Amino acid sequence: MKIRSLKLVNFRNYKQVELKFNDNLNIIYGNNGCGKTNVVESIYALSLTKSFRTNEDKNLIKKGELSTKIEGEILSNTENNYQVIISKEGKKVKIDDDYISKISDYIANIKVIVLEPDAQTIFNDTPASRRKLLNIEISQLEKDYLIYLNNYNKILKQRNFYLKELFINGNASLDYLNILTTKLIESGKKISDYRLNFIDKINEYINNYYQNIFSYGNLKVKYISEFKNKSEEDILKMFNKNYQKEVNLGKSYFGIHHDDIEFILDNKNIREWGSNGQQKNAIFAFKLAELDLFYQKNGLYPILILDDLFSAIDNEKIKNIIKLLNENVQTFITTTDLERIPENLINHASLYEVKDEMIVEDYCGRK
Ligand SMILES: Nc1ncnc2c1ncn2[C@@H]1O[C@H](COP(=O)(O)OP(=O)(O)OP(=O)(O)O)[C@@H](O)[C@H]1O
Ligand SMILES: [Mg+2]
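Keep in mind that this is a model prediction, so the values were computed, not measured. (Residues numbered from 1 in each chain as written. Chains lettered and ligands numbered in written order. Predicted model: local features only at pLDDT ≥ 70, side-chain atom pairs only at ≥ 80, totals over all residues.)

So, about the overall build of the protein chain. Check the secondary structure of the protein chain and you find 11 helices and 15 strands. Since a compact globule built from 367 residues should have a radius of gyration of about 21 Å, the 23 Å found for the protein chain is in line with a globular shape. Taking the principal axes of its C-alpha atoms as reference, the protein chain extends roughly 80 × 50 × 35 Å. Within the span of the protein chain, comprising 367 residues, buried residues form 38% of the whole. Considering only contacts within the protein chain whose residues lie at least 6 apart along the sequence, 71% involve residues at least 24 apart. (Helix = DSSP H or I, 4+ residues; strand = E, 2+ residues; numbered from the N terminus. Rg over C-alpha atoms; globule rule 2.2 N^0.38 Å. Buried ≥ 20, exposed ≤ 12 C-beta atoms within 10 Å, placed from the backbone. Contact = placed C-beta atoms within 7 Å.)

Below, the discussion takes up the nonpolar core. Ile43, Tyr44, Val112, Ile206, Ala282, Ala285 and Ile305 are the most contacted members of the largest nonpolar core, which has 91 residues in total. The biggest single contributor to this core is helix α5 (residues 174-214), with 12 residues. Counting contributing residues per domain, this core is built from domain 1 (1-111 + 300-367) and domain 2 (124-297), each supplying no fewer than three. If near-sequence neighbours (up to four positions away) are discounted, Ala285 is found in contact with Ile206, Tyr209, Tyr210, Ile213, Phe214 and Leu219. (Core = buried A, V, L, I, M, F, W, Y, C linked by C-beta atoms within 7 Å. Domains from an automatic or database assignment.)

Its domain assignment divides the protein chain into domain 1 (1-111 + 300-367) and domain 2 (124-297). Once you take the C-alpha centre of each, domain 1 and domain 2 turn out to be 30 Å apart. Where the side of domain 1 that touches domain 2 is concerned, the elements lending two or more residues are α2 (103-107) and α10 (315-324). With 4 residues, α10 is the single largest residue contributor to the side of domain 1 that touches domain 2.

On to the environment of Lys92, then. As for its position among the elements, Lys92 is in strand β6 (residues 90-95). The spacing of Lys92 and Thr49 is 43 residues in sequence and 8.9 Å in space, taken between C-alpha atoms. Beyond its immediate chain neighbours, meaning those up to four positions away, Lys92 contacts Ile85 and Tyr99.

A separate point is the packing of helix α4 (residues 145-168) against α5. It is at 9 Å that the axes of α4 and α5 come closest, and there the two elements cross at 150 degrees. Relative to α5, α4 is oriented roughly antiparallel. Viewed along their axes, α4 and α5 form a crossing whose handedness is left-handed. Counted together, Tyr145, Tyr148, Leu149, Asn151, Tyr152, Ile155, Leu156, Gln158, Arg159, Tyr162 and Leu166 of α4 and Tyr176, Leu177, Leu180, Thr181, Lys183, Leu184, Ser187, Gly188, Lys190, Ile191 and Tyr194 of α5 form the full contact between these two elements. Here the residues of the contact of α4 with α5 are counted per class, giving 14 nonpolar, 5 polar and 3 charged. (Axes fitted to C-alpha atoms, helices over the stretch in contact; angles between N-to-C directions. Parallel < 35°, antiparallel > 145°, perpendicular 65-115°, else oblique. Left-handed = near helix turned anticlockwise from the far one by under 90°. Nonpolar A, V, L, I, M, F, W, Y, C, P; charged D, E, K, R; others polar.)

Attention shifts here to the sheet that holds strand β14 (residues 350-355). Read from one edge to the other, the open sheet built from 6 strands follows the order β8-β12-β13-β3-β14-β15, with strand pairing classed as mixed. On the outer flanks of this sheet lie β8 (112-115) and β15 (358-362), each paired with one strand and no other. Each strand of the sheet is rotated relative to its neighbour by a mean of 20 degrees, with strand direction disregarded. In this sheet, strand β12 (residues 303-307) lies alongside β8 in parallel orientation, the contact comprising 4 bridges. Across the sheet, residue Ile113 finds its bridge partner in β12, namely Leu304. (Pairing = 2+ DSSP bridges.)

Structure, rendered in structure tokens:
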């Protein structure tokens, strides 16, 4: 999968930008704060319709403007034009000439993986942020995942509401609760299966990256879920047993809304035991493992973004990453310091200098 060209209108600090990209390596360089991450963020937003560093879509709109448009030509099995238009009222997405009404139909099309220094924060965050990571990655792989997830969240809300109702009104119908419980289990089990399958596949590849690029040790990811390895009947029994507790609490006691993942390095949970460096390496190995996973599923590699990695890991590791990458992976690197990138890589890359809110393709005297 490649992004051939990108057009931005009123995106972050850019009024208007048009770029063509190299199918292999693209290096975006410039001083701190000039807008390098903004460029790769726009590629991510073209794929997922949102940013990897803000939950507020409106932050993507250039200050003082009403809307932003990100447009790109994407080559996968066919070449298509993709557009994301964000305004204060909401967002619209378009493939070629057609507006797509269901976001889930849009975001499974362009696959992007980002390695960035902040990725490590998932170790200090709540389980919700690790579930968010799973949701983002699996929704790019499995078209139906988001549909099940949205459905689950809707039923969970209804069920929690009804549990409160039961607390207030002891005569309310239990039949309705049973219907909601069955529905919750059905869609929750689907999500849980997707997540389990995803983590199993990650485990086929993650150690290879961890050991070859980063460090010694044995790394695997563990999926933690109350639904894991249980049949729907077993789960139902669990719910029935805890019925009174749920009514007293006014919320659903079990479910995939409690799921979590743990990174286990040499049998120890890296969140509790791992060093700063080990945590960084683990999350980067996780992201790189996804390259293979996507390839296994689609026969195409995702677009890879390495944002400001030089501030996170040493040169040697970055060289290892790039060495290990298949030449079919289109890669974007942002850096303040071009000197740190090995010369042989620069010779094969397209370079873009960011300065004064403009981006200039820089041929460095090359043809
Ligand atoms: N909505 C917006 N409208 C206008 N400018 C914005 C907007 N959002 C961010 N900016 C500007 O974009 C710049 C930051 O861009 P970016 O994060 O891409 O920098 P960078 O080159 O990656 O920096 P670093 O090297 O520090 O990572 C800042 O100058 C900021 O003021
Ligand atoms: Mg940056």
